[in-house]
Each structure stands twice: as C-alpha cells, then as structure tokens.
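# What the coordinates show
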2 protein chains.
Amino acid sequence: MKIISEAKAHGGRQGVYSMESEACGCDMSFAVFQPIQAKEQLCPVVWFLSGLTCTHANVMDKGEYRKMAAELGLIIVCPDTSPRGDHVPDEPDNWQFGKGAGFYLDATEPPWSKHYRMETHILEELPKLIAGHFAADMERQGIMGHSMGGHGALTFALKYPDRFRSCSAFAPIVQPSGADWSKPALEKYLGEDVAAWRRYDATQLIADGARFPEFFIDQGTADGFLEDGLRPWLLKEACRGTGIGLTLRMQEGYDHSYNFISTFMDDHLAWHAERLG
Amino acid sequence: MKIISEAKAHGGRQGVYSMESEACGCDMSFAVFQPIQAKEQLCPVVWFLSGLTCTHANVMDKGEYRKMAAELGLIIVCPDTSPRGDHVPDEPDNWQFGKGAGFYLDATEPPWSKHYRMETHILEELPKLIAGHFAADMERQGIMGHSMGGHGALTFALKYPDRFRSCSAFAPIVQPSGADWSKPALEKYLGEDVAAWRRYDATQLIADGARFPEFFIDQGTADGFLEDGLRPWLLKEACRGTGIGLTLRMQEGYDHSYNFISTFMDDHLAWHAERLG
C-alpha cells in the first residue's frame, strides 16, 4: 500500500492510498477516513461506492462524512469507480462506460475483461488490504453508494449478506439492465446474453431469491435521472412480499449532486452505526 | 446577476452566480448559500475569503459550512480571489501572484491596476448586488477567510469596523508585507514605496491605529507555511495593549488544507452567529 496523502481531519485522519491491483491490472487509488477511536480499538467499516465519472475524491471532498464518522467512530472507505491508466481500454467520449464507469462488476467480454474487474477489486483484494493496514473490524461492515455506486452497494449486499450488516444508498440505479444509461454498459462488459446480467441488477437478484434484511434509500424529487435511470419504485416492487425492508425517502426538491448527498449523509451514517454496533 | 447553478442543500440553496464587474473589468463569479430562513426574513451575512490558487468553489466544495449555516440561519458569500479572463494580465507560472492571488487589494501599478481591484469588488460592488438579490441583512455582516483570505478578512475588518461585526480566520497571513510569499506581490501590485502597503497589512494597520473589537483565529501546528508565511504570533504582538481581543487557538497536528478548515468551520460560524444576533 502506498500513501498518496494523509491529513488530520475532525480529530481523525483522512488518507488517500493506492495499491497494485492484480484484479484490475493497474494501480488503484482509494480514500480511507480513520476516526480517532481507531487508535484504541477496532472500528466498524462503511464502504462508499461512488457514481459515474467519479474517483475516490468526489465524496472525500464533497460528501461531508467526516464529522459524523468521527463522532460515531466509523472507518469510511471510498474506492475508485474503474481501473485507470493509459493501458486500460476506454471509450473516452462516453461517460457512461469505461473509465469512471466500472459498474461494480467483473467484465467477461474482451477487451474489457482484462482490467474491468471492480467486483473482485472491492470484494476481495481491497478488504484484505484494509484489514491488514487499518484498525478495521471486518465483522462489522456496512456499504452505501450513490447512483451507479448505489447499484454497487445494493447488489453487493444482496450477494454477500453475511459480509455486510447494513446497506443504504443515495439515488441508486436499482435496475441497470433496463435503464438506458446502463444497459449498453452491461452488454459491452458482460455480452449479449442477458442471463449473465442478472447478478448485477438488484431487482433481478431479488427475483432470483437473493435477500438482505433492509435497505435505506434517499432519492431527490428534482433529480434529472429519476424517471429514466433510477426509478426506485422498481426496487419497491421487487422487495414487496420478500421480507426485505425498504425505507425509501423521496426528498423534495433535491437533485442528483453532492448537495443532496451531503445533506443526508449524517442520517445514513447514523443508520449504519446503529446496525454495526 | 447571472445564475450559473443552484441546488437545494441542507434545506437551503447553494448557488453560483456571476456579475459584470466594473472594478475588475471582467465577469466575476461568487457562491452564495441561502438558508431556508431567508425565505421568511433577512439573515446575517458571513463572507468567506479564500486563499491563494482558489476560486469561489474550493470552500463551497470542501468547507462543510452548509449544515451549520442552515442551522444558524446564516447567508454565506464566497467571492473569487482575483479577476479572471484571457484579457487579464497574469504570471501563469507564479501561484503567489496574478490570477488566484489578488490579495484583496486595489492595485495601483500598471498593468495590474486595470483589473486587480478586489478591494473595490468585494467591499463595494458585490455587497450592493448581494443586498439587491438576496434576503441579506447588511446591518449584520461578519467576515472570515483562509490564508491569503484570512489576511483579507483581518484587513477589511480593521478598515471597516462599522461594516463588519465579527471577524475570524483560518491560518491567516497576518503580516503580508514581511512574508516571502506575499512581499513580491505587494511590490508588484502597489509599487516599491512600502508606505502604500501598510493598509494591506493587519499588523501595520493596528500599529497605525486601526481597531476591531476581537478576532478569532485557528492555526494548525502542522501547517507547512506556519513559520515563514503565517506567523500568527506577529498579530498577537500587534494586538497587545491595543484593546483588540484575540482568541488564537493552535490546533495540534492540523495542516493548511480544507481538512483543517472543515474541522473547525462549525466553531467559526457559531462564533459569528453569536455576534451577529
């Protein structure tokens, strides 16, 4: 693990680090906030998965999570959203695919399959490194995300309910296989057989039997992507009769930006902390 | 006034705007946060002046001021740090002079004197526009700033004690006329006669008789600019015996970044709110 930067913040430490990622075949950056409590004891870990076009830095700069995480004693880990580097294939003019748009999956189609393996990066190699370098209680992990990262959080929680004890999302893409901005990406990363897409779609995972105790979701009513891309009502339908709890708050007048995320960040962290003990 | 962007945040509204600045001979951007209270009543205004290399956006993105400003009912105005545009003279390779480094003065030396008139911009034309377009109580104004912007806040408060009822700073340059990173700028903007620099130097303004009730300053002990550029002890010396109150907190382990600013932002806003009623 390489230290890119570290600074004291809200009594704890905000760092940016990188690792040689075997999964992605490149160096991968990530941000970690350690509260002061981590000097004395293992702390619960909350993962924040970011949306399209983001790196680890967007939520680190604009998410306003440090004050509450410091108060609650939470470690916050913010991974990147795709592999990086000149040698990584990309569609530079397409913000919904390639770099900045890894969709939290392991691609199976060439040329993407060589580097676009964000699921393995975030679920296997990054947790090992976090457990080894930080005072992280890996028995108490929660996961949250925004937009494409909300999709990542929901699908990871559904596939690994023994790993994550809490899951929340800001304006998540709940059904990427059916939304215009994500369907072409799934096709390119995973091929034309839509059966292979089902494990990367929260609503289809639930239809196929995956379960998680409860989700907490905030969605702005002034979000320009609400009707075509996000459609949280599809998750509501999917959860009906399954025993999966869903708290869905429609937040009047909020858009898709970090102005929205930062406004409700404290609520989400408190919700995770309550479930992570 | 032109609206660049507006979004709901913490119940209020974070906007970015621009105006045709006569003082600076260019369009000038600025950010304004309006708390929800501004829908019903006039609210106190706190100005945040940013440091070298910044625009209005740095503190807007990383300052974490919205939650507390919303709670306290404060309007927060964040101006830019210099004139902008291809027609504005600059030293592009010098981050301590020219664009992003206006030093909150009215330059008198050509070619800088035509555009670098930040004092007039921030003290005359911008307040008129704020008073005209927002529910701002101009009888209750406070001012704060960071680094070069701390210098701006201190000198503006000392020169206009009837305008500002509160003043605080994060890691301010308290004596720009004697610091390596600001002395060359004053010389270029104001000429070689150091007498002309005195009204842009907090310690010299105080020596020359300027007064303000009290200052509140936070300074990180791990700030790389502390010894050579900032030197808050010079302000302490300058205030001694003058009746000017100074609360100077040395914050252990904090650097010069927004990790430091955001950590103590709530304390500063509460301090202003208390004095602005």
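Residues numbered from 1 in each chain as written. Chains lettered and ligands numbered in written order. Predicted model: local features only at pLDDT ≥ 70, side-chain atom pairs only at ≥ 80, totals over all residues. Heavy atoms only, no water.

In the structure shown here, the tally under the stated rule is 36 aromatic pairs over all chains. Residues Tyr104(B) and Phe156(B) carry aromatic rings whose centres are separated by 6.3 Å and whose planes lie at 85 degrees to one another, so their mutual orientation is edge-to-face. Taken as a pair, Tyr104(B) in the loop between β5 (75–79) and α3 (118–133) and Phe156(B) in helix α4 (residues 148–159) lie far apart in primary sequence, 52 residues in all. Just as Tyr104(B) is buried, Phe156(B) falls in that class too. Within the aromatic cluster, the residues linked to one another by ring pairs are Phe48(A), Phe170(A), Tyr254(A), Phe260(A) and Phe264(A). Sitting above the plane of the Tyr200(A) ring, Arg199(A) keeps its charged end 5.1 Å from the centroid. Positioned over the ring face of Phe97(B) is Lys188(B), at 4.5 Å from the centre of the ring. (Phe/Tyr/Trp six-rings, centres within 6.5 Å; stacked < 30°, edge-to-face > 60°. Helix = DSSP H or I, 4+ residues; strand = E, 2+ residues; numbered from the N terminus. Buried < 20%, exposed > 50% of the residue type's maximum accessible area, 1.4 Å probe, protein only. Lys NZ or Arg CZ within 6 Å of the ring centre and 35° of its normal.)

Residues and elements named next belong to chain A. Residue Phe264 marks the point of greatest curvature in helix α9 (residues 258–276), where the axis turns by about 45 degrees. For α9, the tally of buried residues reaches 15 of 19 residues, placing the bulk of the element in the interior. Measuring from the side-chain oxygen of the N-cap residue of α9 to the backbone nitrogen of Asn259 gives 3.1 Å; that N-cap residue is Ser257. At the exit of α9 stands Gly277, carrying a positive phi of roughly 75 degrees. (Bend = angle between axes of the 7 residues up to and from the residue. Polar contact = N/O pair within 3.5 Å; in protein donor to acceptor, adjacent residues only side chain to side chain.)

Residue and element names in this part refer to chain A. Sites flagged by UniProt as "active site" (unreviewed entry) map to Ser147, Asp223 and His256. A maximum C-alpha distance of 10.8 Å is found for the annotated residues, which run over 110 residues; spatially they form one tight group. The topology assignment puts Ser147 in the loop between β6 (136–146) and α4 (148–159). Assessed through its relative accessible area of 3%, Ser147 is described here as buried. Beyond its immediate sequence surroundings of up to four residues, Ser147 is in contact with Gly51, Phe170, Ala171, Pro172, Ile173, Trp181, Leu230 and His256. With respect to the secondary-structure elements, His256 resides in the loop between β9 (245–251) and α9. Classification of His256 as buried rests on a relative accessible area of 14%. Contacts of His256, omitting those with residues within four sequence positions, involve His146, Ser147, Ala171, Trp181, Asp223, Phe225 and Leu230. (UniProt positions renumbered as here; feature names shortened; annotations may be inferred. Contact = heavy atoms within 4.5 Å.)

On the side of chain A, 20 residues touch chain B, which itself brings 21 residues to the contact. Here chain B meets chain A over a buried area of about 1700 Å², counting both sides, of which 40% is carbon and sulfur. Linking chain B with chain A are 12 residue pairs in polar contact (both at pLDDT 80 or more), by the criterion used here. Those elements that place two or more of their residues in the side of chain B that touches chain A are β1 (2–9), α1 (57–62), α2 (66–72) and α9 (258–276) of chain B. No other element matches the 5 residues that α9(B) contributes to the side of chain B that touches chain A. Here the residues of the side of chain B that touches chain A sort into 4 nonpolar, 8 polar and 9 charged. (Buried area = accessible area lost by both parts, 1.4 Å probe. Nonpolar A, V, L, I, M, F, W, Y, C, P; charged D, E, K, R; others polar.)

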